[in-house]
Amino acid sequence: MAKLAYVIGTLLFVLFLKDGHFGLAFAVIALGVLGGLWAIWRHIQAAREREAQQWQVDVTIPMKLRHPKDGQAGKSSK
């Protein structure tokens, strides 16, 4: 759908330039830029939502805790 919009926009831009309607040609370019910015914004929002969903998933890695054999936690044995 987006590629079709680019093709139509390009055709309109060329036609408006040929007929001397520079204001309309500029408007077509402006709409294309705004449409591109809107698509980028939607992409960023979707990425933020995916990231938020990833943080909601519990990804705790089970680890076996080591306990010191002599009962003195935190002291190094030399």
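Coordinates for the structure precede this section.
The structure reproduced in this document is the subject of the present report. Computed from a predicted structure; not experimentally measured.

Things to note about the overall build of the chain
Piece 1. In terms of regular secondary structure, the chain is built from 2 helices and 0 strands.
Piece 2. Out of the 78 residues in the chain, the part that is buried amounts to 5%.
Piece 3. Counting only carbon and sulfur atoms, one obtains 66% of the accessible surface of the chain, whose full area is about 7,800 Å².

Section: the packing of aromatic side chains
Piece 1. Applying the stated criterion across every chain yields a total of 0 aromatic pairs.
Piece 2. Seen from the ring of Trp 38, Arg 42 lies directly overhead, with NZ or CZ sitting 4.3 Å from the centre.

Observations concerning helix α1 (residues 2-19)
Piece 1. With 18 residues, α1 should cover 26 Å at 1.5 Å per step; its first-to-last C-alpha distance of 26 Å lies within 8% of that length.
Piece 2. Where α1 terminates, the next one or two residues include Gly 20, which has phi positive at roughly 85°.

Section: the packing of α1 against helix α2 (residues 22-56)
Piece 1. Two elements in contact, α1 and α2, have axes separated by 8 Å at closest approach and are oriented at 165°. Judged by the inter-axis angle, α1 sits roughly antiparallel to α2. For the pair α1 and α2, the sense of crossing is left-handed. Together, Gly 9, Leu 12, Phe 13, Phe 16 and Leu 17 of α1 and Phe 22, Leu 24, Ala 25, Val 28 and Ile 29 of α2 make up the contact between the two elements.
Piece 2. Among the residues forming the contact of α1 with α2, the class breakdown is 9 nonpolar, 1 polar and no charged.

Quick word on a nonpolar patch on the surface
Piece 1. A contiguous nonpolar surface patch, about 660 Å² in accessible area, is contributed by Ile 29, Leu 31, Val 33, Leu 34, Leu 37, Ile 40 and Ile 44.
Piece 2. Here Val 33 is to be found in helix α2.

Rules used throughout
Residues numbered from 1 in each chain as written. Predicted model: local features only at pLDDT ≥ 70, side-chain atom pairs only at ≥ 80, totals over all residues. Heavy atoms only, no water. Helix = DSSP H or I, 4+ residues; strand = E, 2+ residues; numbered from the N terminus. Buried < 20%, exposed > 50% of the residue type's maximum accessible area, 1.4 Å probe, protein only. Areas by Shrake-Rupley, 256 points an atom, 1.4 Å probe, with all protein chains shown as cover. Phe/Tyr/Trp six-rings, centres within 6.5 Å; stacked < 30°, edge-to-face > 60°. Lys NZ or Arg CZ within 6 Å of the ring centre and 35° of its normal. Expected span 1.5 Å × (residues − 1). Axes fitted to C-alpha atoms, helices over the stretch in contact; angles between N-to-C directions. Parallel < 35°, antiparallel > 145°, perpendicular 65-115°, else oblique. Left-handed = near helix turned anticlockwise from the far one by under 90°. Contact = heavy atoms within 4.5 Å. Nonpolar A, V, L, I, M, F, W, Y, C, P; charged D, E, K, R; others polar. Patch = residues over 30% accessible without salt bridge, like charges linked within 9 Å, V, L, I, M, F, W, Y side chains within 5 Å. Salt bridge = Lys/Arg side-chain N within 4 Å of Asp/Glu carboxyl O.

So yeah, pure geometry; function would need other evidence.
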